[in-house]
Structure formats: C-alpha cells, structure tokens
Amino acid sequence: MRSRCLYFLNHCKKSKHIFQIHAQLLTSGLFQDLSFSGRLLKLASDKNNGFSYALSVFKFIHCPDAFCVNTVIKLFSRNSFNAKAVIFYVEMLRESWFYPNCYTFPPLISACAKLGCLSLGQMCHGHAVKFGVDSILPVQNSLICLYASCGIMVAARYMFDEMPDKDSVSWNTIICGYAKAGEMGLAHNVFDAMPEKSVVSWNIMMTEYLNFGDPGNSLKLFREMIHQGFSCNDTAAVCVVTACGRSSRLKEGRSVHGFLVKCFLCISFFIDTTLIDMYSKCGKANVAHVIFHRMHRKNTVSWNAMILGHCVHGDPVVGLHLYSKMVNTSRKIDEPAGSFDKFGDLDETNLILPDEVTFIGVLCGCSRSQKLNEGRTYFSRMINEFQVKPNFAHYWCMANLMANVGLMQEAIELLKNIPAEDNSSPEHPILEGLFRSSRFLGDVSTGEKIAKSLIEQDPMNFSHYNLLVNIYAAAGKWEEVMKTKTMMIKKGIRKPPRCYLKDLKEIVSDAQLESDVQKVLPGRVES
C-alpha cells in the first residue's frame, strides 16, 4: 500500500486524482505519515486553484515538519498573500516542533521584499543568521532583493560583494536594484562585469533602459547581444520593437521586423501586438492594420493597440469603427445589445470587453475628429454600461473635445470638477506611454489656460494646481512641473488630509495580524 500511494503521489497529473489519493491516505491511515502528507500538501499547492485546499490539508496534519511549513509559506508568497506569509511564519515559530531551514527564508524574505517592509525583512535576516543559513546562496540572493526593493542599495551591494559564490540570479538582482534606483550607470557597470551573461541578463538591461526613458541604449544592447551570438526570445523582441516605437525609428523598426520574421518560425501574439503599436507610433497605422488583420487570435490588448493606433496616430474615424467592431465581437449572437456584465459567465473567445485604455483611444479619436455628441455618448457608456472608472486621461480628452468645438466654459467646468481620487498623474504606468504622444496632448496651451484660470478663481485649491502639474507633465514640460511644485510649497498649498477606503484598509491591516492568523488557520485539528 505504501509503495502504491507513493507511486500515485509522484505521478499524479490531474486535480481529481489528488482527491482520490487523499481519500486513500485517510482510509489507510497513512495521512499522518509526513512522507505522504507532505507530498500531498506539495501536490495540492502546485495545482491551479489549489490554495484553499492546500491550507485545509495542512490544517489536518498534526505535527507538520519544516517541509510542510515551508510549502505553506511559499504558497502564501506565490499567491501575493505576503503579509500572511510572515504572520504564518511567526505563528509557526511558537510551535516547539518547527525549526526553520535554508528553504524557509527565500520565499519568506521575498514576501517582505514585495511588502517593501524593511523592518520585517531585517527580522527575517536576523533569524537566518540565528539559524545558521545566512551563507546559503538562495538566502543571500533573497536578501539582496530585499534591500534593493527597499531602496537600501548600500546594504544590497555589501551583501553582493561579500558573497563568496554568485550565480546569475545574484548578478541580475543587483543589476535590477541599481536600475530601479535610477543608477543605470552602476547597473551597466555590474552588467559589464558579469562573468557569464545570459539572454535573461540582456533582457533585464534592455528593459530597464526602456523604463528609464532611454530606448536608444536598448537598441544598442540588442544589436550587441545578437552580435555576440545570443538567441532572441519573445521578451527581447518585444523590448526592441517597443524601443523602436518609443523613439519613432521606423527604418530600424522595419529592420527588426524583418529580422524577427527570419528568426521565428511563427511570430507570437505578443510580438504582433507590439509591432502594431510600433508602426502606429511611427505614423504607419495602415501597416499596423495589416498585421492586426492577419492575427489569428486577438484579445483586449491587441484591439486596444489598433484602436489607439488609429485614434491617436492615424485615422480616428477608422479607430472609432474598430471600437464598434470590438464591442460587437464581444457580444454573443443571442445576447441582447447593452447587457454587458464584467463578471458574467461569457465564453473567453467572446469576452473582449473595452477597458480604460480603450476609452482613452476612443475619446481621443472623438477629440481629433471633433465629434462632441459621440464623445459624450462614449463617456457615458464607459461609466454606466462597462463600469470603467474615468481617470485624468479621460477627463483630459473630454475637455480637449469640448475646447475644440468652442465649448471652453464646459471644458473648464469639467476639469474643475474632476474627483480628487480620479485626478491621477500621467506618470501612472497605464497612461505614461500615451502621454508621450504629441497627438494625444491636444492643445496644451488651452489646458494650461484652463488650469491657470481655475487657480485665479480659487488660488488656494490644491486640485487646481495638481491639474496644472498634470498638464505640464503630459506635455513633458518638467521644468514647469518643478516650478509649479515649488510655487505650491512657497504658498503652503498641500493636499488636504483625506481617509479613503484604501487608507483605512492599510491602517486596520496592522491591527488585525493576530485575527488574520486565525482566518488562515481557523484552529488546528487535534487527534
């Protein structure tokens, strides 16, 4: 029986078989043997949607060993329950039978890094030293990641320099840390000093230069990578095509496209979508449309890329027509028009619903083609039919549309009444790329006049100054951004204290640590 159960545990492929094995272990009395229950727990934790089931398996193990505890910590961390991973670890330390080992700390410290909590990370670092595993390579790598994530690059570099042995994870982690801190020079120096580079290392450097706003260096690194004989993968391809689009290098973009056709037997969905975005930004929306038309599979991201391509860079009329086609694609044949439910049980192939990025493109297209009534209709449908919450970009497009048709006062009133929580900065990742486009900006001088007019009417209103900052940021006028912020400081204008729901959640979360433990493990079942 024992050998039979072990065989099934080691060769289980389907979720339904896990339940059958679990039942066999219970009826045979083998469940409390940790060599069986530990394997079952690991099997359950590795399966999709197995989170709750894995926790229930753990709860019925009377004296779980370090392997079982480590499996649950990793489960929490992998599913983004990072605080609960730390809470669970602390709770397990109170049990006399748990002794952490070198496999405990990498997922635990990773959870602290994701939380950005230096104090918890330092506590775990101290425990790693206490239990004598701080010299183990995976633990050291996780500590580098922790200190880099918390912005303590001096500590991260010290950990890195003191390591007697380093692997590619060590090198890539310290490179990412410097890049996230804005120290691209130091990141590049470490990259150059790597004894053995991999495609992953090249991809990290190219991506970080792209994020740093330097697509030229991304392209330079790509050429160097290919010259040194490394193979191009999907990540590198997406990165270099994006770099061509952001720098409007059509000639180089075409060259890269040709290289990818020769390099890949079949170009992936992700590369096709990036090519659509690149050609659109280079003023060739018609070429992008050909790629889009040839795609065998499309999702919301690919539709958005093509809609934005026409609405922002090409023919807005074609872009609006594409939006209508996208919405019609998402409807089932027998589904009545207008009955959309984001959480409905639609087939995945039909579930291509517009999101906030879609409507930024649509409203921009209305602004460029001066279609006021259509723009108002789309804005209303966005909120009421598709339950998409408007942000600064949506209001900005609507204000530009109103100003373009001569309704300056309405544009002023719209911007004046933007809810504070919706007045998000153009530095938001979703909006950042759009705001780089000159066509998306509309009439920046008009927006500047509107914001200054609002400031004159109410010179102590924070939201009016914030609107002006957003407009300058959208236009790339960073000197004006700094001047406005300096003026705000001199005048003593600060954001009014508020307590939104998300703030309350953060405040309460710390006070609920103990109760969270009980929610995770609502009582251990004793024999």
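All residue numbers here refer to positions counted from 1 along the written sequence of the relevant chain. pLDDT decides what is reported in this predicted model: residues at 70 or higher carry local features, side-chain atom pairs at 80 or more are listed and counted, and totals for whole chains, interfaces and linings draw on all residues regardless. The basis for the side-chain values is all heavy atoms of the structure; hydrogens and waters are excluded.

### Examining the overall build of the protein chain
To keep it simple, the criterion reads: A run of H or I in DSSP becomes a helix once it reaches four residues, and a run of E becomes a strand once it reaches two; helices and strands are each numbered from the N terminus. To sort residues, take the accessible area from a 1.4 Å probe on protein chains only and compare it with the maximum for the residue type: under 20% means buried, over 50% means exposed, and anything in between is partly exposed. Contact definition: two residues touch when any of their heavy atoms are within 4.5 Å. Residue burial considers only the protein chains on display, and all accessible areas are found by Shrake-Rupley using a 1.4 Å probe.
Within the protein chain, the secondary structure is distributed over 31 helices and zero strands. Here the protein chain holds 527 residues, and the buried ones make up 46% of them. Taking the intrachain contacts of the protein chain between residues at least 6 apart in sequence as the baseline, contacts between residues at least 24 apart amount to 62%. Of the roughly 26,600 Å² that the protein chain leaves accessible, carbon and sulfur atoms contribute 55%.

### Looking at the packing of helix H13 (residues 199-211) against helix H14 (residues 215-227)
Keep this limit in mind: Simply put, an axis is a line fit to the C-alpha atoms, just over the touching stretch for a helix, and the angle between two N-to-C directions goes from 0 to 180 degrees. The labels follow the angle: roughly parallel below 35 degrees, roughly antiparallel above 145, roughly perpendicular from 65 to 115, and oblique for the rest. Throughout, a crossing is termed right-handed when the near helix is turned clockwise from the far one, and left-handed when it is turned anticlockwise from it by less than a right angle. Three categories are distinguished: nonpolar for Ala, Val, Leu, Ile, Met, Phe, Trp, Tyr, Cys and Pro, charged for Asp, Glu, Lys and Arg, and polar for the others, with Gly belonging to the last.
Here H13 crosses H14 at 160°, and the two axes come no closer than 7 Å. In terms of their interaxial angle, H13 and H14 are classed as roughly antiparallel. Handedness of the crossing formed by H13 with H14: left-handed. For the pair H13 and H14, contact is made by Trp202, Met205, Met206, Tyr209 and Leu210 and by Pro215, Asn217, Ser218, Leu221, Phe222, Glu224 and Met225, respectively. Here the contact of H13 with H14 is composed, by residue class, of nine nonpolar, two polar and one charged.

### Some thoughts on helix H21 (residues 356-369)
For the record, the criterion: Each residue after the first adds 1.5 Å to the expected span of a helix.
The first and last C-alpha atoms of H21 sit 20 Å apart over 14 residues, in line with the 20 Å expected at 1.5 Å per residue. With eleven of 14 residues buried, H21 is to be regarded as a mostly interior element. Taken residue by residue, H21 has Val357, Thr358, Phe359, Ile360, Gly361, Val362, Leu363, Cys364, Gly365, Cys366 and Ser367 as its buried positions. Just downstream of H21 lies Gln370, where phi reads positive at about 55°.

### Side note on the state of the cysteines
For clarity, the threshold we go by: Disulfides are defined as pairs of cysteine sulfur atoms found within 2.5 Å of each other.
According to the stated counting rule, one finds zero disulfides in the structure shown. Here Cys239 is not cross-linked by a disulfide; its sulfur's nearest cysteine counterpart is in Cys244, at 9.8 Å. What makes Cys239 buried here is its relative accessible area of 5%. With no disulfide of its own, Cys364 lies closest to Cys397 among cysteine sulfurs, the gap being 5.1 Å. A relative accessible area of 3% means that Cys364 is categorised as buried.

### Comments concerning the packing of aromatic side chains
Aromatic rings in a pair are described by how distant their centres are and how their planes are angled relative to each other. So the rule is basically this: Between the rings of Phe, Tyr and Trp (Trp by its six-membered ring), a pair exists once the centres lie within 6.5 Å; its type follows the angle of the planes, with under 30 degrees stacked, over 60 edge-to-face, and the other angles tilted. Two thresholds decide whether a charge sits over a ring: the Lys NZ or Arg CZ must be within 6 Å of the ring centre and within 35 degrees of the ring normal.
Applying the stated criterion across every chain, the model contains 17 aromatic pairs. Each ring, one from Phe292 and one from Trp303, has its centre 5.0 Å from the other, and the planes form 75°; the classification is edge-to-face. Taken together, the positions of Phe292 in helix H18 (residues 285-294) and Trp303 in helix H19 (residues 300-313) put the pair eleven residues apart, joining distant regions of the chain. Residues Phe292 and Trp303 agree in their burial class; the two are buried. Taken together, the aromatic side chains of Phe51, Phe58, Phe76, Phe81 and Phe88 make up a single cluster linked through ring pairs. The ring of Phe160 is capped by Lys166, whose NZ or CZ atom sits 5.0 Å from the centre of that ring. Over the aromatic face of Phe269 sits the side chain of Arg297, whose NZ or CZ is 4.4 Å from the ring centroid.

### Side note on the side chain of Ser367
With respect to the helices, strands and loops of the structure, Ser367 is situated in helix H21. Exposure remark for Ser367: the relative accessible area of 7% places this residue in the buried category. Setting aside chain neighbours within four positions, we find Ser367 in contact with Cys397, Asn400, Leu401 and Asn404.

### Quick look at the confidence of the model for the protein chain
Quick note on the threshold: In predicted models, pLDDT denotes the confidence assigned by the predictor to each residue on a 0 to 100 scale.
Confidence along the protein chain averages 81 in pLDDT terms, with 81% of residues attaining 70 or more. Summarising per-element confidence for the protein chain, the mean pLDDT is lowest in helix H30 (residues 501-511) (34) and highest in helix H9 (residues 137-149) (96). Long-range and interchain partners of residues 426-442, a stretch whose pLDDT sits below 50, account for 44 contacts in this model, where long-range means more than four residues apart. Below pLDDT 50 for its whole length, residues 497-520 participates in 15 contacts with residues either more than four positions away or in separate chains.

### So, the environment of Tyr158
Among the secondary structure elements, Tyr158 is positioned in helix H10 (residues 153-162). Judged by its relative accessible area of 54%, Tyr158 falls in the exposed class. Separated by 14 residues in the primary sequence, Tyr158 and Ile144 place their C-alpha atoms 8.8 Å from one another.

### Comments concerning the side chain of Thr300
Relative to the elements of secondary structure, Thr300 occurs in helix H19. Thr300 gets classed as buried once you look at its relative accessible area, which sits at 16%. When near neighbours in sequence (up to four residues on either side) are disregarded, Thr300 contacts Met326, Ile352, Leu353, Asp355 and Thr358.

### Regarding the nonpolar core
When a protein is soluble and globular, its nonpolar side chains tend to lie buried together. What counts is decided by this rule: To qualify as a nonpolar core, a set must consist of buried Ala, Val, Leu, Ile, Met, Phe, Trp, Tyr and Cys residues joined through side-chain atoms within 4.5 Å.
Among the nonpolar cores identified, the biggest contains 149 residues, and Phe105, Ile174, Ile175 and Leu260 are the most heavily contacted of them. Residue contacts for Phe105: discarding those within four places in its chain leaves Tyr89, Pro100, Ser110, Cys124, His127, Ala128, Phe131, Val133, Val139 and Ser142.

### Structural notes on unusual backbone geometry
A positive phi is found at Ser248, a non-glycine position, where the angle reads about 55°. Within the secondary structure, Ser248 sits in the loop between helix H15 (234-246) and helix H16 (250-263). A relative accessible area of 46% places Ser248 in the partly exposed class. The backbone of Gln370 sits at a positive phi, close to 55°, despite the residue not being glycine. With a relative accessible area of 47%, Gln370 lands in the partly exposed category.

### Focus: the packing of H21 against helix H22 (residues 372-384)
What describes two packed helices is the angle between their axes and the distance between those same axes. At a closest axis distance of 9 Å, the pairing of H21 and H22 adopts a crossing angle of 165°. Compared by their axis directions, H21 and H22 come out roughly antiparallel. Relative to H22, the crossing made by H21 is left-handed. Seen from H21, the contacting residues are Phe359, Val362, Leu363 and Cys366; seen from H22, they are Glu374, Gly375, Tyr378, Phe379 and Met382. Its residues assigned to classes, the contact of H21 with H22 comprises seven nonpolar, one polar and one charged.

### Overview of the pattern of salt bridges
Should their charged atoms come close, side chains of opposite charge can pair. Here is the rule: A carboxyl oxygen of Asp or Glu within 4 Å of a side-chain nitrogen of Lys or Arg is what we treat as a salt bridge.
Applying the stated rule across the entire model yields ten salt bridges. Glu208 is paired through a salt bridge with Lys180; the nearest N and O atoms lie 3.3 Å apart. With Glu208 in helix H13 and Lys180 in helix H11 (residues 168-180), this pair connects stretches of sequence that are 28 residues apart. On the basis of relative accessible area, Glu208 is assigned to the buried category, the value being 7%. The class for Lys180 is exposed, based on a relative accessible area of 60%. Of the charged contacts, one joins Arg223 and Glu252 as a salt bridge, the two residues approaching to 2.2 Å between their closest N and O atoms. A residue pair is termed long-range when its members are at least 10 positions apart, and Arg223 in helix H14 and Glu252 in helix H16 qualify at 29 residues. When its relative accessible area of 42% is taken as the criterion, Arg223 is described as partly exposed.

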